[in-house]
Amino acid sequence: MTTRPNIIFIVADDLGYADLGCYGGRDAAFGPVSPVLDQLAANGLKLTQGYSNSPVCSPTRFALMTARYQYRLRGAAEEPINSKSRGSTTLGLPPEHPTLPSLLRAAGYRTALMGKWHLGYPPAFGPLRSGYEEFFGPMSGGVDYFTHCSSGGQHDLYLGEEEKQQDGYLTDLITDHALDYVQRMAPGAQAGTPFFLSLHYTAPHWPWETRDDEALAQEVKGNLFHLHGGNIETYRRMIHHMDEGIGRIMALLEKQGLARDTLVVFTSDNGGERFSDNWPLVGGKMDLTEGGIRVPWIAHWPAVIAPGGVSAQTCMTMDWSATMLDAGGAAAHADYPLDGRSLMPLLRDVSVQDEPPLFWRMNHRGQRAMRQGVWKYLRVDGNDYLFNLADDERERANRAPVEPDRLQVMRAAWEAWNASMPAIPDDATVSLGYSVKDMPQR
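Each residue is numbered by its place in its chain's sequence as written, counting from 1. Side-chain atom pairs in this predicted model are given and counted only at pLDDT of 80 or more, local residue features only at pLDDT of at least 70, and totals for whole chains, interfaces and linings cover all residues. Calculated side-chain values reflect all of the structure's heavy atoms, with hydrogen atoms and water omitted.

**Here's the deal with the packing of aromatic side chains**
Next, step 1: To pair, rings of Phe, Tyr and Trp, with the six-membered ring standing in for Trp, must have centres within 6.5 Å; the planes then decide the type, stacked if under 30 degrees apart, edge-to-face if over 60, and tilted in the middle. Within this structure, the stated rule accounts for 17 aromatic pairs.
Next, step 2: With centroids separated by 5.2 Å and ring planes inclined at 70 degrees, the aromatic side chains of Tyr17 and Tyr23 adopt a geometry described as edge-to-face.
Next, step 3: Residue Tyr23 is classed as buried on the basis of its relative accessible area of 7%.
Next, step 4: Put simply, the rings of Tyr69, Tyr71, Phe359, Trp414 and Trp417 touch in pairs and so form one group of aromatic residues.
Next, step 5: Across from the ring centre of Tyr23, 5.1 Å away, lies the NZ or CZ of Lys46, which sits over that ring. Burial status follows relative accessibility: with a 1.4 Å probe on protein chains alone, a residue under 20% of its type maximum counts as buried, one over 50% as exposed, and anything between as partly exposed. By the criterion adopted, a ring carries a charge over it if an Arg CZ or a Lys NZ lies within 6 Å of its centre and within 35 degrees of its normal.

**A few points about the side chain of Ser321**
Next, step 1: Only DSSP runs of H or I reaching four residues or more are called helices, and only runs of E reaching two or more are called strands; each is numbered from the N terminus. Tracing the backbone shows Ser321 in helix H8 (residues 317–327).
Next, step 2: Exposure remark for Ser321: the relative accessible area of 0% places this residue in the buried category.
Next, step 3: Contact between two residues is taken to exist if any of their heavy atoms lie within 4.5 Å; hydrogens are not considered. In contact with Ser321, not counting residues within four places along its chain, are Phe9, Ala63, Leu64, Ala67 and Leu100.

**Describing the packing of helix H4 (residues 170–190) against helix H6 (residues 232–255)**
Next, step 1: Between N-to-C directions, angles cover 0 to 180 degrees, with each direction set by a line fitted to C-alpha atoms, over the stretch in contact for helices. Viewed as axis vectors pointing N to C, H4 and H6 meet at an angle of 10 degrees, and their least axial separation amounts to 9 Å. Judged on the interaxial angle alone, H6 and H4 are roughly parallel. From H4, Thr171, Thr175, Asp176, Ala178, Leu179, Val182 and Gln183 reach across to H6, where they touch His241, Met242, Gly245, Arg248, Ile249, Leu252 and Leu253. The labels follow the angle: roughly parallel below 35 degrees, roughly antiparallel above 145, roughly perpendicular from 65 to 115, and oblique for the rest.

**Remarks on the sheet that holds strand S9 (residues 297–300)**
Backbone hydrogen bonds hold the strands of a sheet together, and the pairing may be parallel or antiparallel.
Next, step 1: Strands are labelled as partners when DSSP assigns at least two bridges between them. Here 10 strands make up an open sheet; going across it, the order is S6-S5-S4-S3-S7-S1-S8-S9-S2-S10 and the pairing mixed. For this open sheet the edge positions go to strand S6 (162–163) and strand S10 (309–311), each flanked by a neighbour on one side alone.
Next, step 2: Pairing of strand S2 (residues 45–47) with S10, which is carried by 3 bridges, proceeds in the parallel orientation. In the strand pairing of S10, Lys46 is matched with Val310.
Next, step 3: Its contacts with the sheet put H4 on strand S1 (6–12), strand S3 (110–115), strand S4 (134–137), strand S5 (158–159) and strand S7 (195–200), and the angle it makes with S7 is roughly 175 degrees.

**Notes on the pattern of salt bridges**
Next, step 1: Salt bridge, as applied in this entry: a Lys or Arg side-chain nitrogen positioned within 4 Å of an Asp or Glu carboxyl oxygen. The tally for this structure, following the rule as stated, stands at 30 salt bridges.
Next, step 2: Here Glu273 and Arg274 are joined by a salt bridge, their closest N and O atoms 3.0 Å apart. Here Glu273 and Arg274 have matching classes, each one buried.
Next, step 3: Two residues, Arg399 and Glu403, come together in a salt bridge whose shortest N-O distance is 3.3 Å.

**A closer look at H8**
Next, step 1: Within H8, 10 of the 11 residues are buried, which leaves the element mostly enclosed by the surrounding structure.
Next, step 2: Regarding H8, the residues found buried are Thr317, Met318, Asp319, Trp320, Ser321, Ala322, Thr323, Met324, Leu325 and Ala327.
Next, step 3: The first or second residue beyond H8 is Gly329, which carries a positive phi of 70 degrees.

**As for the pairing of strand S8 (residues 262–268)**
Next, step 1: Counting buried residues in S8 gives 7 out of 7 residues, a clear majority hidden from the surface.
Next, step 2: In S8, alternate side chains face the same way, and those of Thr262, Val264, Phe266 and Ser268 on one face and Leu263, Val265 and Thr267 on the other are all buried.
Next, step 3: Where S1 and S8 come together, 7 bridges link them in parallel fashion. Paired with Asn6 across the strands is Thr262, a residue of S8.
Next, step 4: Taken together, the 3 bridges between S8 and S9 define a ladder with antiparallel strand orientation.

**Looking at the UniProt feature "domain: Sulfatase N-terminal" (unreviewed entry) in the protein**
Next, step 1: UniProt tags residues 5–329 as "domain: Sulfatase N-terminal" (unreviewed entry).
Next, step 2: Here residues 5–329 is 28% helix and 14% strand, with 10 Å between the C-alpha atoms at its ends. UniProt positions are given in the numbering used here, feature names are shortened, and annotations may be inferred rather than shown by experiment.

**Concerning the environment of Gly75**
Next, step 1: Here Gly75 is to be found in the loop between helix H2 (57–66) and helix H3 (100–106).
Next, step 2: If near-sequence neighbours (up to four positions away) are discounted, Gly75 is found in contact with Phe62, Ile81, Thr90, Leu91 and Gly92.

Below is the structure:
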């Protein structure tokens with residue numbers, strides 16, 4: 001029997017499908033953007049058809065935490081939760097709901113979140129109320145990398161539930177706290193008490209700041225969307241800073257003799273935004289076209305995963321949460337059955353593949369989507385589309401007019417699934433940071 005692994009779940013923020021070298025991304029002017037992640041993929045498993053549960057931040061994080069469709073919880077109807085929800089007792093992850101960290105903790109794991117939370121504000125909600133023993137990071141969706149203030153100008157960096165004033169570039173601070181945690185957990189892990197670390201970077205989310213851009217913090221404090229700035233090279237450098245941090249963590253695992261028995265999973269919370277590369281996909285954040293939901297998925301676990309694996313298995317965020325519960329020997333709560341399914345068979349044998357139906361919906365533009373096998377049903381702005389993704393990943397060749405029967409079957413399946421979920425509340429909000437007034441439509 002395989003030793004229960006330590007688990008590190010790394011989540012980037014708004015990373016595009018092709019931003020990493022191992023997913024076809026171009027080198028930057030300074031060289032390779034993601035050498036550490038590229039090496040993790042080469043030494044582990046890379047998925048080419050993996051998805052996020054939503055094309056926007058907080059709904060995906062609800063699914064990540066619960067291993068269930070996010071639509072089951074009121075807070076996830078916000079697209080996304082915004083700073084106006086501060087003080088709300090409804091817009092967040094209910095503390096009584098079982099979570100990935102709470103279930104692993106009950107199974108004997110130590111647990112921590114270093115990085116972004118974005119699932120509601122204390123005192124009603126917070127990481128320490130949902131299964132994490134330790135927390136360092138911002139509570140909201142977007143903060144400045146140097147002032148650590150949210151879009152509303154409020155300082156938003158916490159250690160536990162206490163504000164933490166700490167100078168430094170946020171990506172590096174998150175890495176430093178993760179390193180400290182792994183260092184402290186190492187003796188216990190060596191003695192048989194595994195740890196679960198959620199490492200949720202804010203990179204490469206706006207504002208567009210590298211380690212050398214502290215002067216920009218004052219310029220953008222009135223609007224963190226940073227609509228007047230940024231460029232591709234800055235964006236790639238932000239990814240590289242994160243990649244360097246991941247490299248430091250992998251080196252520490254090796255030093256402590258923990259790398260072989262640690263499951264490291266890397267992904268993004270949704271598709272890319274303004275400066276990202278989603279090729280060959282179209283669309284991005286807020287879209288149910290492939291560029292908004294298909295994301296990198298890399299898994300590294302030398303004790304179980306053979307190097308060099310590439311899989312076209314379809315999966316979603318909640319499936320990986322279910323996989324981690326399975327790997328850790330943690331059972332789901334009987335009252336909260338999982339929607340996600342364990343991918344442990346795939347980790348052991350890269351040839352394993354099945355075709356479960358995957359479903360999405362968005363209040364924004366009335367979007368809906370279903371994927372099964374190579375086929376995708378999509379609705380945007382009242383228009384229904386059908387795509388064969390094996391032939392047409394860019395979703396340009398609409399098959400609906402020539403295959404109406406297939407369209408009808410998939411539409412009926414989506415509507416049956418949707419009927420099994422709570423309806424989108426009338427007061428659910430959609431928060432858009434920019435529009436065609438700010439930049440041309442993609």
